[in-house]
Amino acid sequence: MATTQQADSKTIPLASGAAAEGGHFAEFIAKPLDFLKRVYEECGEVGEFDMGGLPTVLMVGPDAHEAFFRAPDEQLNAAEAYQMMVPVFGEGVQYGAEPHIERQQLKIQYQGLKYDKMSNYAEVVAREVIDFTKDWGDEGELDFYEAFTSLTLRTSTHCLLGSEFRYRLTDEFAELYHDLENGIDPSALLDPNQQKDTFKKRDLARERLQELITDEIHRRRDLEAAGGEALDDMLNIYMSAHYEDGRKLSEHEITGLVIWFMFAGHHTSSNTSAWTLVEIARHPQYQAELVAEIDRLFDDGQELSFNALREIPLLEGFIREALRLHPPLNAISRRVLKPFEFKGFTVEPGKNVMLCPWVAHKLPEHFPDPERFNPKRPAPDNVFAAIPFGGGRRKCVGNAFALLQVKAIFCELLRHFEFELSLTPEQYQEIMPALILRPSDPCKLRYRRRTSI
Ligand code: HEM
C-alpha cells in the first residue's frame, strides 16, 4: 500500500493495484462495491484511489460522514462532482445551475414534497398500487425488479405530471425516460459529452420531453384561463413557482426539474421495494407477524391511502434493513474546492471525496452482526452511521415520499398475497450496472392470494 503525503498532515493511504493506464477505474466499474470495500479494508477510515485520473478519497464511518455532510458547498462541492447529470437535467438546472439558482430550485422541489402534500400523493400511489395487482389472479410468478420499476415510473409520473398526462402519455414518456437513463453509463463520469450513440439519444430524448411538458403546460394554462381549477401536483408547483427576483421558471427549467425528480426518486424507490420483498420472502419467520400488523391497520376500515401514512413498525424495520444492506446510492461524491481536513488528514482541492453507505452500513461497531438481516435491529446510536438518504443540507428531500410509496406497496401486497422465492436465497445478488444498486436478473418471486381475509 502506497501513500500520498501533504506537508503538516498525516499521509492518506493509497489503495493498491492501480493500473498504469486508468488507475482503479476499470476495477471500480467492474465491481464498484467490492472495490470500495477493498479500499476500506486496506486503508481504513480514509483511503485514496485513482478514478481514471481523478484522485478520489473514500471516507468511511460516522465521524467521516458527519465531517463530509457538514462541510459547506464552497469547500466540498456537489455540482462539480455530478457534472455527468448536466446533459440529462439540462444546463441551468441543479448541478448545471449557478449555486444561488440551484438552492432556489431545491426549495421549489421541497415545496412539493412537504408533509402536507403527502395525503394527495398517498391517494395517487394507492390508486396505482391497487391497479398494479388487479389482474394477478390467485397465484403466479413475476420479476419484481421489472414490476416495481414500471409501477414506480407510473406513480412518479402521476404525482409529478397529473393523471391526464400519466394516462395519455405513459408509453412515450417511458421510452424517452429510458433513453435518458441510458445516457448515464459509467463512462459519463469521465466525459458526459463524448460522441456516443447513447449520449445522442439522451439529448434527443430530453428535447422531446421538453416538447411534451411544454404542451402540457400550455394545455393547463388554457384550461385555467377558461376558468378551470389548477391541479395539485408537482407540475403545478413548478408552474406557479418563481425565483427570489420574481422570475418564473422557464419551460427548459421546468423540464429539468421534472427529470431531476424522476431520476432522484424512481430507481431508488423501486429497488428498495424489490429488496424489501426479497427480504420478506427470504425471512418467512416474520411473515405471519407482518401480515397481522397489516391486517390490524385495515381492521378499523381505513383506506390504503390513509394506512400508508401510519406507523407500521415491523414493515418499517424491513424497509430500514433493506436500505441498510442494499442502499441504492453508493457513490455520494463531492469535489474538493478548498483543503478539507479530517482527523489530521488533508484532502487537497481538485480531488473528489466519496461516501459509500453499502460499506459503512456493515461496520460491526455500529451494526452488530452486520451481515444478518434483522428487521428488529435497534437504530444505531450515532445518527451519521446509517446514511441511505445522505445527510446534512443535501439530505434526500424525497425521503417521506419514498417511504410513503414503499409502505403503500407493501400494505396492499401483504394484505392480499403471500410471497415465496422462486430461486435459492443466494441467487438474488447485488449488481450496480448504472451506479445504482439493484437486484440481479431475474428477480422472480411467486405469489399466492391469501385465503384468510
Ligand atoms: C428509497 C428511496 C431514496 C433513496 C435511498 C434516496 C437517497 C438519496 C441520497 C443518498 C441523496 C443525497 C445525495 C448526495 O448527498 O449527493 C438524495 C438526494 C436527493 N433525493 Fe433522494 N432518495 C430516495 C428517494 C427520493 C425520492 C422519491 C425523491 C423525490 C421525490 C428524491 C429526491 C431527492 C433530491 C431532490 C435530492 C437532492 C438533494 C440535494 O441535491 O440537495 N429522493 N437522495
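Residues numbered from 1 in each chain as written. Predicted model: local features only at pLDDT ≥ 70, side-chain atom pairs only at ≥ 80, totals over all residues. Heavy atoms only, no water.

S.K.: Sorry if this is basic, but what is going on with a nonpolar patch on the surface here?
M.R.: On the surface, a cluster of nonpolar side chains totalling about 220 Å² of accessible area is made up of I29, L189 and L190. Mapped onto the elements, L190 comes out in the loop between α8 (144-182) and α9 (197-225). You can call L190 partly exposed: its relative accessible area is 48%. (Patch = residues over 30% accessible without salt bridge, like charges linked within 9 Å, V, L, I, M, F, W, Y side chains within 5 Å. Areas by Shrake-Rupley, 256 points an atom, 1.4 Å probe, with all protein chains shown as cover. Salt bridge = Lys/Arg side-chain N within 4 Å of Asp/Glu carboxyl O. Helix = DSSP H or I, 4+ residues; strand = E, 2+ residues; numbered from the N terminus. Buried < 20%, exposed > 50% of the residue type's maximum accessible area, 1.4 Å probe, protein only.)

S.K.: Sorry if this is basic, but what is going on with the site of the ligand here?
M.R.: The ligand sits among 26 residues. The nearest are Y82, L106, R334, R394 and C396. It is helix α11 (residues 251-282) that contributes the most residues to the shell around the ligand, seven residues altogether. Of the residues that constitute the shell around the ligand, the class distribution is 17 nonpolar, seven polar and two charged. (Near = heavy atom within 4 Å. Nonpolar A, V, L, I, M, F, W, Y, C, P; charged D, E, K, R; others polar.)

S.K.: Is there a simple way to think about the environment of I387 in this case?
M.R.: Checked against the element boundaries, I387 lands in the loop between α15 (357-360) and α16 (399-416). Judged by its relative accessible area of 1%, I387 is buried. Sequence separation between I387 and A81 is 306 residues; the distance between their C-alpha atoms is 19 Å. Not counting the four nearest positions on each side in its chain, I387 is found in contact with H65, F69, I332, L355, P357 and H361. (Contact = heavy atoms within 4.5 Å.)

S.K.: How should I be thinking about helix α6 (residues 99-111) in this particular structure?
M.R.: Because the α-helix completes a turn every 3.6 residues, residues three or four places apart line up on one side. Compared with the 18 Å implied by 1.5 Å per residue over 13 residues, the 19 Å span of α6 between its first and last C-alpha is a close match. Along α6, the positions that sit buried rather than exposed are I101, E102, Q104, Q105, I108 and Q109. The arc that holds every buried residue of α6, seen down its axis, measures 165 degrees, which confines them to one face. Relative to its buried face, α6 has exposed residues pointing more than 90 degrees away, namely P99, R103 and K107. Taken together, the buried residues of α6 touch α10 (234-240) and α11. (Expected span 1.5 Å × (residues − 1). Arc of directions from axis to C-beta.)

S.K.: Would you explain the nonpolar core in this entry?
M.R.: When a protein is soluble and globular, its nonpolar side chains tend to lie buried together. Of all hydrophobic cores here, the largest spans 140 residues; its most connected members are F49, F148, Y238 and F410. For this core, the element with the most residues is α8, which contributes 15 residues. Those residues within four positions of F148 in sequence are excluded, and the remaining contacts are F132, S270, S273, A274, L277, I409, F410 and L413. (Core = buried A, V, L, I, M, F, W, Y, C linked by side-chain atoms within 4.5 Å.)

S.K.: Would you explain the coordination of the iron atom of the ligand in this entry?
M.R.: Ideal geometry at a metal centre gives angles of 109.5 degrees when four donors are arranged tetrahedrally and 90 or 180 degrees when six donors are arranged octahedrally. The protein gives the iron atom of the ligand a lone donor atom, C396 (SG), placed 2.3 Å from the metal. Here C396 lies in the loop between α15 and α16. (Donors = N, O, S within 2.8 Å, 3.2 Å for Na, K, Ca; no water.)

S.K.: Help me understand the packing of α8 against α11, please; the structure alone is not making it clear to me.
M.R.: Two numbers describe a pair of packed helices, the interaxial angle and the distance between the axes. Relative to each other, α8 and α11 sit at 130 degrees, their axes nearing to 10 Å. Relative to α11, the element α8 is oriented oblique. Crossing handedness for the pair α8 and α11: right-handed. When grouped by side-chain class, the residues that make up the contact of α8 with α11 number 16 nonpolar, 10 polar and one charged. (Axes fitted to C-alpha atoms, helices over the stretch in contact; angles between N-to-C directions. Parallel < 35°, antiparallel > 145°, perpendicular 65-115°, else oblique. Left-handed = near helix turned anticlockwise from the far one by under 90°.)

S.K.: In this structure, what is going on with unusual backbone geometry? I would like to understand it.
M.R.: For residues that are not glycine, phi is negative in most cases, and the peptide bond is trans in most cases. Look at the link from D441 to P442: it is a cis peptide, with omega at -10 degrees. Looking at the element boundaries, P442 is found in the loop between β13 (438-439) and β14 (444-449). Even without glycine at this site, Q94 takes up a positive phi of about 40 degrees. Take Q94: it is sitting in the loop between α5 (86-89) and α6. Of note, K343 is a non-glycine position whose phi angle comes to about 45 degrees, a positive value. With respect to the secondary-structure elements, K343 resides in the loop between β8 (340-342) and β9 (345-347).

S.K.: What should I look at first to understand the sheet that holds strand β11 (residues 417-421) in this one?
M.R.: Paired through their backbone hydrogen bonds, the strands of a sheet run either parallel or antiparallel. In spatial order, the strands read β6-β14-β11; together these three strands make up an open sheet with antiparallel pairing. What marks the edges here is a single partner per strand, and that holds for β6 (139-143) and β11. When the angles between neighbouring strand axes are averaged without regard to direction, this sheet yields 30 degrees. As paired elements, β6 and β14 share five bridges and run antiparallel to each other. (Pairing = 2+ DSSP bridges.)

S.K.: Just checking my understanding: could you explain the sheet that holds strand β5 (residues 76-77) for this structure?
M.R.: Judged by pairing direction, the sheet is mixed, and its five strands sit side by side in the order β3-β4-β10-β7-β5 without closing on themselves. Looking at strand neighbours, the two that pair on one side only are β3 (46-51) and β5, the edges of this open sheet.

S.K.: For this particular structure, what's the right way to read the pattern of salt bridges?
M.R.: When their charged atoms lie close together, side chains carrying opposite charge are able to pair. Inspection of every chain in the model, using the stated rule, returns 33 salt bridges. The salt bridge partner of R438 is D441, with a shortest N-O separation of 2.6 Å. The class of R438 is buried, set by a relative accessible area of 11%. Connected through shared salt-bridge partners, E216, R219, R220 and D233 make up one network.

S.K.: Help me understand the packing of aromatic side chains, please; the structure alone is not making it clear to me.
M.R.: Here a ring pair, both rings aromatic, is described through the centre-centre distance and the interplanar angle of the planes. This structure, assessed with the given rule, holds 23 aromatic pairs. For the pair F89 and F263, a centre-to-centre distance of 6.1 Å together with 80 degrees between the ring planes defines the contact as edge-to-face. Of this pair, F89 sits in helix α5 while F263 is found in helix α11, placing the two residues 174 residues apart along the sequence. Each member of the pair, F89 together with F263, is buried. The interplanar angle of 55 degrees and the centroid separation of 4.9 Å between the aromatic rings of W136 and F417 together place this pair among those described as tilted. On the criterion of sequence distance, the pair formed by W136 in the loop between α7 (118-133) and β6 and F417 in strand β11 is long-range, its members being 281 residues apart. With respect to burial, W136 and F417 carry one shared label: buried. An aromatic cluster is present here, built from F132, W136, F144, F148, F410, F417, F419 and Y447 joined pairwise through their rings. Over the ring of F199 we find R202; its NZ or CZ atom is 4.5 Å from the centre of that ring. Directly above the ring of F298 sits R415, whose terminal nitrogen or CZ lies 3.9 Å from the centroid. (Phe/Tyr/Trp six-rings, centres within 6.5 Å; stacked < 30°, edge-to-face > 60°. Lys NZ or Arg CZ within 6 Å of the ring centre and 35° of its normal.)

Coordinates in, geometry out; function isn't part of it.
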